[in-house]
Amino acid sequence: MEKIQFLNIGYGNVVSANRIIAIISPDSAPIKRIVQDAKEKNTLIDATYGRKTRCVIIMDDGHVVLSSNMPETIGGRLSAE
């Protein structure tokens, strides 16, 4: 059994680092569609606290997490652990 690790995505929010598939920028049209589809399926988790979305995190169970931190910041925290 693998150890559960958590990744800080900003403002005291954490996600399971073991379940992350991708950490990407929200600027492209395909990613905007993924976010919209997740919103319609109720699998979107908005952790931006009303700030601009700068990072989209795709989880292995289909959930999509929005963060106001840059993808480079989140990725750096992931590689540091």
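Calculation criteria
Residues numbered from 1 in each chain as written. Predicted model: local features only at pLDDT ≥ 70, side-chain atom pairs only at ≥ 80, totals over all residues. Heavy atoms only, no water. Helix = DSSP H or I, 4+ residues; strand = E, 2+ residues; numbered from the N terminus. Salt bridge = Lys/Arg side-chain N within 4 Å of Asp/Glu carboxyl O. Buried < 20%, exposed > 50% of the residue type's maximum accessible area, 1.4 Å probe, protein only. Contact = heavy atoms within 4.5 Å.

**Digging into the environment of Glu40**
In this fold, Glu40 is placed in helix α1 (residues 29-40). Counting along the chain gives 25 residues from Glu40 to Val65, while the straight-line C-alpha distance between them is 14 Å.

**Here's the deal with the pattern of salt bridges**
Counted by the stated rule, this structure contains two salt bridges. Among the salt bridges present, the one from Asp60 reaches Arg19, with a minimum N-O distance of 2.9 Å. Of this pair, Asp60 sits in the loop between β5 (55-59) and β6 (64-67) while Arg19 sits in the loop between β2 (13-16) and β3 (20-24), and the two are 41 residues apart along the sequence. Look at Arg19 and you get partly exposed, because its relative accessible area is 37%. Note that Asp61 and Arg19 form a salt bridge whose closest N and O atoms lie 4.0 Å from each other. On the criterion of sequence distance, the pair formed by Asp61 in the loop between β5 and β6 and Arg19 in the loop between β2 and β3 is long-range, its members being 42 residues apart. Here the salt bridges share partners, and the residues they tie into one network are Arg19, Asp60 and Asp61.

**As for the side chain of Ser67**
Counting through the fold element by element, Ser67 comes out in strand β6. On the basis of relative accessibility, which here comes to 0%, the residue Ser67 falls in the buried class. Beyond its immediate sequence surroundings of up to four residues, Ser67 is in contact with Ile9, Thr48, Lys52, Thr53, Arg54, Cys55 and Ile74.

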